[in-house]
Amino acid sequence: MSTIESNKIASNLFQEDIRSKDFKKYFEKIFEIKIEDFLSDYDEIDEFPVEIEDKGIMIGFIAQTTKVPPQISYIDLDVVNYPINTGYLAKEVPVQSLIKNPTDIQAHLIPFQNLRIYYSLYNQDQIDRIIFQYQDLRYELSLTKDSVITRIRVCIAEIESNINMSTYYLFDN
């Protein structure tokens, strides 16, 4: 079993103060980099995500305020250029499978909760995004026009699984 597959993204990465000792240990175990080293080039954490170079992983933060400590908001995984990134997921997502209709979703993604399917504005038969909850995490799958999963966003599950209005930034590859 690879290191990635033995260290899954879990809810304790989200809504936790990134300065806490427990968080730092867990982050380093998952991503094999210290949070301090990862953020060393940044004076402050803001709404722009930070990419772990050459891994196809982008992490979005909630900036520190007087009431809220700095926290991870979401983690984006590039699964086209880095298919190994699916090993970080607690939910198995078959990125090589084509998902063209709700039947395919049932076949490839069960079990899940609070499923939402968003279709392309330009082609009402083409699935653009699939959002669902699994355990206590929310998964947002972005699909190409060829029905291939290209990106998976993981964040803490919310009461309702609607589309997250956070911007999707491009990876540097």
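Residues numbered from 1 in each chain as written. Predicted model: local features only at pLDDT ≥ 70, side-chain atom pairs only at ≥ 80, totals over all residues. Heavy atoms only, no water.

(A) Geometry of the overall build of the chain. Assigned secondary structure in the chain consists of four helices and seven strands. Beginning at the N terminus, the succession of helices and strands in the chain can be written as α-α-α-β-β-β-α-β-β-β-β. Whereas a compact globule of 173 residues would reach a radius of gyration of roughly 16 Å, the chain reaches 16 Å, a difference of no more than 12%. Here the C-alpha coordinates of the chain stretch approximately 45 × 40 × 30 Å along the principal axes. Pairs at least 24 apart in sequence give 45% of the contacts found in the chain among residues at least 6 apart. Total accessible area computed for the chain in this model is approximately 9800 Å², and 48% of it derives from carbon and sulfur atoms. Distance from the positive charge centre (17 side chains) to the negative charge centre (28 side chains) of the chain: 5 Å. (Helix = DSSP H or I, 4+ residues; strand = E, 2+ residues; numbered from the N terminus. Rg over C-alpha atoms; globule rule 2.2 N^0.38 Å. Contact = heavy atoms within 4.5 Å. Areas by Shrake-Rupley, 256 points an atom, 1.4 Å probe, with all protein chains shown as cover. Lys, Arg positive; Asp, Glu negative; His and termini not counted. Charge placed at Lys NZ, Arg CZ, Asp CG, Glu CD.)

(B) Broad picture of the nonpolar core. Core analysis: the largest hydrophobic core is formed by 40 residues, its most contacted members being L13 and F31. Top contributing element to this core by residue count: helix α2 (residues 21-31), with five residues. (Core = buried A, V, L, I, M, F, W, Y, C linked by side-chain atoms within 4.5 Å. Buried < 20%, exposed > 50% of the residue type's maximum accessible area, 1.4 Å probe, protein only.)

(C) Here's a closer look at a negative patch on the surface. A cluster of acidic residues, D41, E53, D54 and D172, forms a negative patch at the surface. By secondary structure assignment, the location of D41 is in the loop between α3 (35-38) and β1 (50-52). (Patch = residues over 30% accessible without salt bridge, like charges linked within 9 Å, V, L, I, M, F, W, Y side chains within 5 Å. Salt bridge = Lys/Arg side-chain N within 4 Å of Asp/Glu carboxyl O.)

(D) Quick look at the pattern of salt bridges. Summed over the entire model, instances satisfying the criterion amount to five salt bridges. With a shortest N-O distance of 2.9 Å, E36 and K24 are connected by a salt bridge. Placement of E36 in helix α3 and of K24 in helix α2 is noted, with a sequence separation of 12 residues between them. On the basis of relative accessibility, which here comes to 41%, the residue E36 falls in the partly exposed class. Residue R151 is joined to D76 by a salt bridge in which the shortest nitrogen-to-oxygen separation is 2.9 Å.

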